[in-house]
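If you want the building blocks of each chain, they are given just below.
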Amino acid sequence: MSRNNLKGWQQLETMAAASEGKQIKALFANDSERFANYHLAHSGILFDYSKNRISDDVKAALVQLARECEVEAWRDAMFAGDKINRTEGRSVLHTALRSDHCPNQAIGQQVQEELDHIRSFSERARSGQLFGYSGQVITDVVCLGVGGSNLGPEMVTEALPSQPGDTVKLHYISSVDAVPLEHLLAGLSAATTLFIVASKTFTTTETLLNAAAAKRWLLSEAPETAIALHFVAVTEDTDKAASFGITPDYCFRIWDWVGGRFSLWSAIGLPIAIGRGYSAFESLLSGASAMDEHFRSADIAQNIPMMMALVGVWNTTFLNINTLAILPYDQQLHQLPSYLQQAEMESNGKSVNWQGEHIQYNTCPILWGQTGINGQHAFYQLLHQGSHDVASDFIVSANSCAQSDIHHQHLLANCFAQSQALMNGVGEEEVKRELLANGLNNNEIEQLAPHKVHAGNRPTNTLIIDTLDAFHLGALIALYEHKIFVQGIIWEIYSFDQWGVQLGKLLATNMLGDVQPGSAVDRYDSSTNGLLNHIKSVSHS
Ligand code: F6P
């Protein structure tokens, strides 16, 4: 049965139509227990979804919709290793990288072998037992990768504060633009630098171009044999890595059942273990595993990933709120919005259903955001008074990793004040009263009042993490992963492929010859021809 014929779906459509003009703050006024009834907590994460336009009826219909879409059966199929990534004929088993519940022994053994490899290699690196071609200790690790082979490790190492034992400096290069790489290498010594080439396919142009440049840089002073001591690969295609010159001991495996944007739990996370210690990497996996267990076992209405997914479906599909701002109030999480952009938009940014039909409802919202405090001084104006209805996730930790309490108290106060302001707004009467109290005359009040009115009623979630450490970060990331999965099921989307990304890659490869100096191009549309020919006319090369 198609989604919009399901009973839960139809109820939600009716409720959405009737919700026009209903205020979240009125829901609070009518229910003193609203927070108690609309928050969940597990694995050191509190999820408050009370500041959404959700009543008990809506909640019940969302849970019914999840049941009708058989999300629990799909979830179990994912954990069991069924090939739910049907367009690529693959299992989806990133959960097997962090749990004892492997669908079969062979996978469990492979995972354990790679974990042992990550442990021994990272411990060697951190204890000064990795040496370059000249016998000097490796001091710097440059991680080359893009998308899922970069965003996760970089976001996590930024999020986890450096400890005294963190001896190796990590650097990340993801852009194909040569400027950051050249700038970085100019400050490094080839004799003490190790490169990690992270690419599941070992075919991604950006990464391979950077790896080739890094190799040239090394070989400009070192013999060919140095490659074996200065290059690590993390890949599914170990043959390609070997052709590059990477030795088995320096080659880490991932498998086709680990999607790129869900891969930080695999050897793609090697930089985390090198930079923050293997025990931190292990804690990250444990936190994710704790969230997995919750996701596997809790009833839908008590299940944080499921409820977070359902709230998102309500906002996007039924209330037509098509953007979601990710607003962390921890500076360490500054890369979380970018990370989640890929995780959500590459997974569910699709408009064709499992039957290959064009979808008639809104699917994945546009995700964006940045740290809340900086956002407050940039785009929050639009959140409060703009013409777009925006949903937001506020994320903050209860305990700070810093010494000073007062700074953290400011973060907390700002976080909670903003979500409250987005809900309550400021009505015209209140604005006028305030202006009158400030001594403005009637004429001035009439002119100024409309500009100071805040409509409010903006939906927000708030997530409080006990402490921003590896365990809780792991749980938080896994929570979003499972949310994405559930939404994909409800929208009938294949969440684990990314055909839309392939098209651009192919066209860029075909166009490469046309950006080089030479005769004018006329084989494209007039805009593309014009842009290419302009480059040829002004290029200095
Ligand atoms: O952006 C598309 C994509 O295929 C991602 O899914 C993936 O994380 C990234 O490219 C990098 O791919 P690879 O690890 O194969 O280099």
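Basis of the calculations
- Numbering of residues starts from 1 in every chain and runs along the sequence as written.
- Confidence filtering applies because this is a predicted model: local features only for residues at pLDDT of at least 70, side-chain atom pairs given and counted only at 80 or more, and all residues used for totals across whole chains, interfaces and linings.
- For the side-chain quantities, the full set of heavy atoms in the structure was used; hydrogens and water were omitted.
- Residue burial is assigned from relative accessible area. The probe radius is 1.4 Å, only protein chains are included, and a residue is buried under 20% of its type maximum, exposed over 50%, and partly exposed in between.
- Put simply, DSSP marks the helices as runs of H or I at least four residues long and the strands as runs of E at least two long, and each gets a number from the N terminus on.
- If DSSP finds at least two bridges between two strands, the strands pair.
- For helices, the fitted line uses only the C-alpha atoms of the stretch in contact; every axis is such a line through C-alpha atoms, and the angle between N-to-C directions lies from 0 to 180 degrees.
- If an angle is under 35 degrees, it is roughly parallel; if it is over 145, roughly antiparallel; if it lies from 65 to 115, roughly perpendicular; otherwise it is oblique.
- A crossing counts as left-handed when the near helix is turned anticlockwise from the far one by less than a right angle, and as right-handed when that turn is clockwise.
- Whether two residues touch is decided by their heavy atoms; if any such pair falls within 4.5 Å, the residues are in contact.
- As a working rule, the residues Ala, Val, Leu, Ile, Met, Phe, Trp, Tyr, Cys and Pro are called nonpolar, Asp, Glu, Lys and Arg charged, and the rest polar, with Gly in that last group.
- Residues are called lining when one of their atoms sits within 4 Å of a cavity or pocket point, these points coming from a 1 Å grid over the protein atoms alone, where a cavity is a set in which a 1.4 Å probe fits but cannot get out and a pocket is an open set with protein on both sides within 12 Å along at least five of seven lines.
- Grid points are joined across faces, edges and corners, and a volume is the space filled by probe spheres set on the points.
- Put simply, a salt bridge is a Lys or Arg side-chain nitrogen that is within 4 Å of an Asp or Glu carboxyl oxygen.
- Near is defined per residue: the residue qualifies when any heavy atom it owns lies within 4 Å of the molecule or strand.
- Nitrogen and oxygen atoms within 3.5 Å of one another constitute a polar contact, given that in protein one can donate a hydrogen and the other can accept it, and given that sequence-neighbouring residues count only through two side-chain atoms.
- Using a 1.4 Å probe, accessible areas were evaluated by the Shrake-Rupley method; residue-level cover was limited to the displayed protein chains.
- Should more than half of a molecule's atoms lie within 2 Å of a pocket's or cavity's grid points, that molecule is taken to sit in it.
- Per the annotation, domain bounds derive from an automatic or database assignment of domains.

Draft legend 1. Summary view of the pairing of strand 10 (residues 390-399). Of all 10 residues in strand 10, 8 are buried, a share of seventy percent or more. The sheet contact formed by strand 8 (residues 323-328) and strand 10 spans 6 bridges and is parallel. Each residue of the ladder has a partner; that of Ile326, found in strand 10, is Asp393. Sheet analysis places strand 10 next to strand 11 (residues 460-467), joined by 7 bridges and oriented parallel. By the bridge assignment for strand 11, Ser397 is matched with Ile465.

Draft legend 2. Quick look at the packing of helix 7 (residues 151-159) against helix 15 (residues 336-348). Look at helix 7 against helix 15: their axes get within 9 Å of each other, and the N-to-C directions meet at 155°. Judged on the interaxial angle alone, helix 15 and helix 7 are roughly antiparallel. The element helix 7 and its partner helix 15 pack so that their crossing is left-handed. Residue-level contacts link Leu151, Gly152 and Met155 of helix 7 to Leu336, Ser338, Tyr339 and Gln342 of helix 15. Split by residue class, the contact of helix 7 with helix 15 holds 4 nonpolar, 3 polar and no charged.

Draft legend 3. The arrangement of the sheet that holds strand 11 in detail. The strand order across the open sheet formed by 6 strands is 1-2-11-10-8-9, and the pairing between neighbours is mixed. The sheet is open, and its two edges are formed by strand 1 (39-42) and strand 9 (366-369), each paired on a single side. Going from strand to strand, the sheet's axes swing by 20° on average, the running direction of each strand aside. Against the sheet, helix 18 (residues 405-424) touches strand 10 and strand 11, its axis set at about 155° to strand 10. Along the sheet, helix 21 (residues 470-491) contacts strand 2 (45-48), strand 8, strand 10 and strand 11; its crossing angle with strand 11, the most-contacted strand, is approximately 150°.

Draft legend 4. Summary view of empty space enclosed by the protein. Tallied over the full model, the rule gives 4 cavities of 30 Å³ or more. The wall of the largest cavity is formed by 19 residues, among which Gly312, Asn315, Leu324, Ala391 and Asn461 lie closest to the centre. Residue assignment for the lining of the largest cavity shows that the elements contributing at least two residues are helix 14 (304-318), strand 8, strand 10, strand 11 and helix 21. Tallying contributions element by element places helix 14 first for the lining of the largest cavity, with 5 residues. For the lining of the largest cavity, the per-class residue count stands at 7 nonpolar, 9 polar and 3 charged. Estimated volume of the second largest cavity: approximately 70 Å³. Around the second largest cavity, the lining residues are Trp74, Ile84, Trp354, Phe485, Gly488, Ile489, Ile493, Tyr494, Ser495 and Phe496. If you tally residues by element for the lining of the second largest cavity, the top one is helix 21, at 3 residues. Looking at the lining of the second largest cavity, its residues break down into 8 nonpolar, 2 polar and no charged.

Draft legend 5. Geometry of the pattern of salt bridges. Under the definition given, this model contains 21 salt bridges. Ionic pairing is found between Glu282 and Arg119, a salt bridge with its closest N-O pair at 3.4 Å. Residue Glu282 is found in helix 13 (residues 278-297), and its partner Arg119 is found in helix 6 (residues 105-126); the two are separated by 163 residues along the sequence. Ionic contacts of the salt-bridge type, sharing partners, join the residues Arg53, Asp389 and Arg458 into one network.

Draft legend 6. Seen up close, the layout of surface pockets. Size it by volume and the largest pocket reaches roughly 780 Å³. Put simply, the parts of the chain that give the lining of the largest pocket at least two residues each are helix 9 (205-219), helix 15 and helix 22 (499-511). The dominant element in the lining of the largest pocket, judged by the number of residues it contributes, is helix 22, at 4 residues. Among the residues forming the lining of the largest pocket, the class breakdown is 10 nonpolar, 19 polar and 9 charged.

Draft legend 7. Representation of the site of the ligand within the structure. Around the ligand there are 15 residues in total, and Ser149, Ser199, Thr201, Thr204 and Glu346 lie nearest to it. Interatomic distance of 2.7 Å between a backbone N/O atom of Gly148 and an oxygen atom of the ligand. Between an oxygen atom of the ligand and a side-chain N or O atom of Glu346, the distance comes to 2.6 Å. Taking 390 Å² as the accessible area of the ligand by itself, protein coverage stands at 90%. Here the ligand is seated within the largest pocket. Going through the elements one at a time, helix 15 and helix 22 are the ones with two or more residues in the shell around the ligand. Of the residues in the shell around the ligand, the class split is 2 nonpolar, 9 polar and 4 charged.

Draft legend 8. Layout of the domain arrangement of the protein. Each assigned domain of the protein is listed with its residue range as follows: domain 1 (3-69 + 298-424 + 458-497), domain 2 (104-279) and domain 3 (501-540). Here domain 1 and domain 3 have C-alpha centroids that lie 41 Å from each other.

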